[in-house]
Amino acid sequence: MDGSMDFEKCLLELITMQMEVLDTLSPEQKAVLILDPSSNALENETTVRIIFNSLLESPEEEELEELEEFYEAFVEATEEENVKVIENPRVRDTMLNLTLMALAPQFPVFEPSDFALWFQVNLVVLLASFNPGSLVVIPMNISCDSYHAILKGLDQSLASLPPELTQGIASSREILIQRVPKGCNEIPVVGECKETPVKEASICAEINRCVVCLAI
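Criteria and thresholds
- Residues numbered from 1 in each chain as written.
- Predicted model: local features only at pLDDT ≥ 70, side-chain atom pairs only at ≥ 80, totals over all residues.
- Heavy atoms only, no water.
- Phe/Tyr/Trp six-rings, centres within 6.5 Å; stacked < 30°, edge-to-face > 60°.
- Buried < 20%, exposed > 50% of the residue type's maximum accessible area, 1.4 Å probe, protein only.
- Helix = DSSP H or I, 4+ residues; strand = E, 2+ residues; numbered from the N terminus.
- Contact = heavy atoms within 4.5 Å.
- Disulfide = S-S within 2.5 Å.
- 1 Å grid on protein atoms, 1.4 Å probe; cavity = no way out; pocket = protein on both sides within 12 Å on 5 of 7 lines; lining within 4 Å.
- Points joined across faces, edges and corners; volume = space filled by probe spheres on them.
- Nonpolar A, V, L, I, M, F, W, Y, C, P; charged D, E, K, R; others polar.
- Core = buried A, V, L, I, M, F, W, Y, C linked by side-chain atoms within 4.5 Å.

### So, the packing of aromatic side chains
Inference 1: Going through the model one piece at a time under the given rule, you end up with eleven aromatic pairs.
Inference 2: Measuring from ring centre to ring centre gives 5.2 Å for Phe 70 and Tyr 71, while their planes differ by 85 degrees; the resulting arrangement is edge-to-face. The pair formed by Phe 70 and Tyr 71 is uniform in burial state, with each residue classed as buried.
Inference 3: Summarising the aromatic geometry, the rings of Phe 107 and Phe 115 are spaced 5.4 Å apart at their centres and angled 20 degrees between planes, so their arrangement reads as stacked.

### Re the environment of Leu 96
Inference 1: One can find Leu 96 in helix H5 (residues 89–103).
Inference 2: On the accessibility criterion, Leu 96 (0% relative accessible area) is buried.
Inference 3: Counting along the chain gives 30 residues from Leu 96 to Leu 126, while the straight-line C-alpha distance between them is 5.9 Å.
Inference 4: Among residues more than four places away in sequence, those in contact with Leu 96 are Leu 123, Leu 126, Ser 129 and Phe 130.

### Description of the side chain of Thr 99
Inference 1: Inspection of the secondary structure assignment puts Thr 99 in helix H5.
Inference 2: Since its relative accessible area comes to 0%, Thr 99 is described here as buried.

### As for the state of the cysteines
Inference 1: A full pass over the atoms with the stated rule returns one disulfide.
Inference 2: The disulfide bridge from Cys 144 ends at Cys 184, spanning 2.1 Å between sulfur atoms. Since a negative S-S torsion denotes a left-handed disulfide, the Cys 144-Cys 184 link at about 60 degrees is right-handed. Of this pair, Cys 144 sits in helix H7 (residues 144–160) while Cys 184 sits in the loop between helix H8 (167–177) and helix H9 (200–215), placing them 40 residues apart in sequence.

### Focus: H8
Spacing of three or four residues puts side chains on the same side of an α-helix, whose turn is 3.6 residues.
Inference 1: Those residues of H8 that sit buried are Gly 168, Ile 169, Ser 172, Arg 173, Leu 176 and Ile 177.
Inference 2: Contacts from the buried residues of H8 go to H7.

### Here we look at the layout of surface pockets
Inference 1: Estimated volume of the largest pocket: approximately 300 Å³.
Inference 2: Glu 79, Val 83, Lys 84, Val 124 and Val 125 are the residues nearest the centre of the largest pocket, which is lined by 17 residues in total.
Inference 3: Looking at the lining of the largest pocket, the elements that each hand over two or more residues are helix H4 (60–80), helix H6 (112–122) and H7.
Inference 4: Here the lining of the largest pocket is composed, by residue class, of nine nonpolar, six polar and two charged.
Inference 5: By volume, the second largest pocket amounts to about 180 Å³.
Inference 6: Along its surface, the second largest pocket is lined by 14 residues, and Ile 34, Leu 35, Pro 37, Leu 42 and Glu 43 are the ones closest to its centre.
Inference 7: A breakdown of the residues in the lining of the second largest pocket according to their chemical character gives eight nonpolar, two polar and four charged.

### A closer look at the nonpolar core
Inference 1: Judged by nonpolar contacts, the single largest core of 53 residues is most densely connected at Phe 52, Phe 74, Phe 119 and Phe 130.
Inference 2: Put simply, the parts of the chain that give this core at least two residues each are helix H2 (27–35), helix H3 (45–55), H4, H5, H6, H7 and H8.
Inference 3: Contact partners of Phe 74, with chain neighbours within four places excluded, come to Ala 31, Ile 34, Leu 35, Ile 86, Met 95 and Val 125.

### Quick look at empty space enclosed by the protein
Inference 1: Inspection of the entire model under this criterion finds one cavity of 30 Å³ or more.
Inference 2: Taken as a whole, the largest cavity holds about 40 Å³ of empty space.
Inference 3: When grouped by side-chain class, the residues that make up the lining of the largest cavity number seven nonpolar, no polar and one charged.

Below you can see the structure in the form of structure tokens.
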């Protein structure tokens, strides 16, 4: 029993020391830390959770600002290193879920450009973990443009990720298609041509004119 208590005490002290160190880092430095192979953060869900908790402990307005700064650096670094997806599913799940939970209070006032930034840029390497449960945080009354911005982000991931990582995204998309905002048209399926009205009389008249021209 004493040994167990000593271990828990040491673990608590270690976590406290980690938090104190993290508090001195900027959001950009925390992004670099997560991607640094020497930190092993991308293989350790606990480490990622500690880093994110240090980001999300600020007041709501500051929290969003720090999260945006973190993801700006995170996206830049993943693009430089050509990272297409965070491979460890538990780490990826943790990062996506904590981010969506932090963004949830802001979603009702998000502009379409905000949804586009997050679903088409910031969360790209995490969207393999997106599933129908993730839709809970997205308001039902978002604008048509915001709805399209989210769908576009999911479609981009469906097109770029291997099939074994897209099941949750595909299921989420099917549910979103059934939640089309009032007065909003669905996005045409990629590769599908829109039906164009044809004026048969005009076409026939043009053909007849050409026949006459050829005869002359």
